[in-house]
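Here is how the chains run, residue by residue.
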Amino acid sequence: MIASDMSRPAWDDDPVVSGWPGLPVLERDGTADVCVVGLGGSGLAAVADLLDRGLDVVGIDAGRVAAGAAGRNGGFLLGGPATFLHTALATWGRCALDLYRATLAEIDSLEGLLGSDVVRRTGSIRLAGVPGAPIELSDSEDCDALAQCLRENDFAVEQYSGELGRGIFLPDDAVMNPARRALGLASILAGRARLYEHTPATSIGPGAVTTPWGVIRCGLVLVAVDGRLEQVLPQLDGRVRTARLQMLATSPVTPGRLPCPVYGRWGYDYAQQDASGRLYVGGGRDLFAEDEWTPSGEPTAQVQRYIESVATSFAGEPVSVDARWAASVGFTTDGRPLCTFVDDTVIAFGGYNGTGNLVGPVTARAAVALGLDTIAVPQYLSSRRMAVWTHGRRTGTHRGRSLHRHQGSTLARNGS
């Protein structure tokens, strides 16, 4: 393991994040129309939607807002699900297009709420391979297939060929500091909802959420947890599984090396660069898959060594690492996020397969509609038992197709 003093995410160096005044701890019993458990990006989106409906809302988080994966990921804002669009279309059907459009609309919404200094409309680059490495033919062909699919469905895409390599440029995508996003949303919502930090849910049941210092009684409970969801709600064990995703940050390298968020090698390796030249880099999830199926949030030496090599490739020069960290995220069996009743008045949503920054809020709104309006969730979400994890592997099929995508890439694009 890496020394604990190195496991703080570099995003927290931002003065807005390091200067966060915090939210209170829940100290007594209370009542609400709805209690939201988990105040990451998806939980905060649910709170906002509930408030817009005129409801009384309590939200709690076991730690600081966005102290989990919501504030520890790569900060990518990429259209679509974890599964690349052309593959999702072949597997899920045309509902994949609906999700792609919904995630692009979410970028517009976030920019409108938080401003262009937080949500930067840079576009993104998907490379065939990583900078400086030989191009893998199958990866290159898949980039071309994705580009063709995007054009056929009227989504913006351009070919990319430059010093980083060859691939495609997606101009509608964006990038952010994920902790800034979540804390900015919490600041907006805190005056309208009762939000509490460092208030873990010790039990969740119909009409009540118990914490160490009080019970929240409510008509509906929304559990907005991604990583470790199966620990929070054991009923979901087998439908969602926790994995560790690791990252690091470097000291500044040549500014402008990465003009936008860049991901390569089927999306497994990824990086963004800030204005100072600092790189935020992750990857290697597929190469150490069995070791990374764990609820542990501590970075490991072998994965970090690999990510250092990725950082050097993206930087085009030697790098010095000044922060290392990890996050726990949830994966589902077929790549569709989970949004489901687990009890009469308890709905859980999570399992974003490493791409929760936009898919999470979209799923949150579907959960609100399910709980309040009894509107069935969209087909791009999983609301019923379809397949389970057994003995370290996924079992089952969906619509007669294998649940395993080429290169295991339901794990891809884990910067978002």
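Above this note sits the structure.
The shown structure was predicted, so the numbers you read here are calculated from the model rather than taken from an experiment.

What counts, and at which threshold
Residues numbered from 1 in each chain as written. Predicted model: local features only at pLDDT ≥ 70, side-chain atom pairs only at ≥ 80, totals over all residues. Heavy atoms only, no water. 1 Å grid on protein atoms, 1.4 Å probe; cavity = no way out; pocket = protein on both sides within 12 Å on 5 of 7 lines; lining within 4 Å. Points joined across faces, edges and corners; volume = space filled by probe spheres on them. Helix = DSSP H or I, 4+ residues; strand = E, 2+ residues; numbered from the N terminus. Pairing = 2+ DSSP bridges. Axes fitted to C-alpha atoms, helices over the stretch in contact; angles between N-to-C directions. Contact = heavy atoms within 4.5 Å. Buried < 20%, exposed > 50% of the residue type's maximum accessible area, 1.4 Å probe, protein only. Parallel < 35°, antiparallel > 145°, perpendicular 65-115°, else oblique. Nonpolar A, V, L, I, M, F, W, Y, C, P; charged D, E, K, R; others polar.

(A) Expanded view of the layout of surface pockets. Considering only enclosed or pocket space, the largest pocket measures out at about 930 Å³ in volume. Elements with a contribution of two residues or more to the lining of the largest pocket: helix 2 (41–52), strand 9 (203–205), helix 7 (229–232), strand 12 (240–250), strand 16 (321–332) and helix 10 (356–373).

(B) Main features of the sheet that holds strand 15 (residues 279–282). Strands sit in the order 5-6-4-13-14-15-12-16 across an open sheet of eight strands; the sheet is mixed. Bordering the open sheet on either side are strand 5 (158–162) and strand 16, each of which pairs with just one other strand. Each neighbouring strand pair of the sheet contributes to a mean axis angle of 25 degrees, computed without reference to strand direction. Both strand 4 (residues 124–127) and strand 6 (residues 165–170) contribute to a ladder of four bridges, which runs antiparallel. When the bridges of strand 6 are listed, Ile125 appears paired with Phe169. Relative to strand 12, helix 9 (residues 301–315) is tilted by about 50 degrees, and along the sheet it contacts strand 4, strand 12, strand 13 (262–264), strand 14 (269–273), strand 15 and strand 16.

(C) View of helix 3 (residues 85–92). Of all eight residues that make up helix 3, six are buried, and the element is covered over most of its length. Where helix 3 is concerned, the buried positions are Leu85, His86, Thr87, Ala88, Leu89 and Trp92. Buried positions along helix 3 lie against helix 4 (95–114) and helix 5 (137–152). After helix 3 finishes, the residue Gly93 shows a positive phi value of roughly 95 degrees.

(D) Fine view of the packing of helix 4 against helix 10. Running from N to C, helix 4 and helix 10 cross one another at 100 degrees; their axes reach a closest spacing of 9 Å. One finds that helix 4 runs roughly perpendicular with respect to helix 10. Counted together, Leu99, Ala102, Thr103, Glu106, Ile107 and Leu110 of helix 4 and Leu358, Val359, Pro361, Val362 and Arg365 of helix 10 form the full contact between these two elements. Its residues placed into classes, the contact of helix 4 with helix 10 shows eight nonpolar, one polar and two charged.

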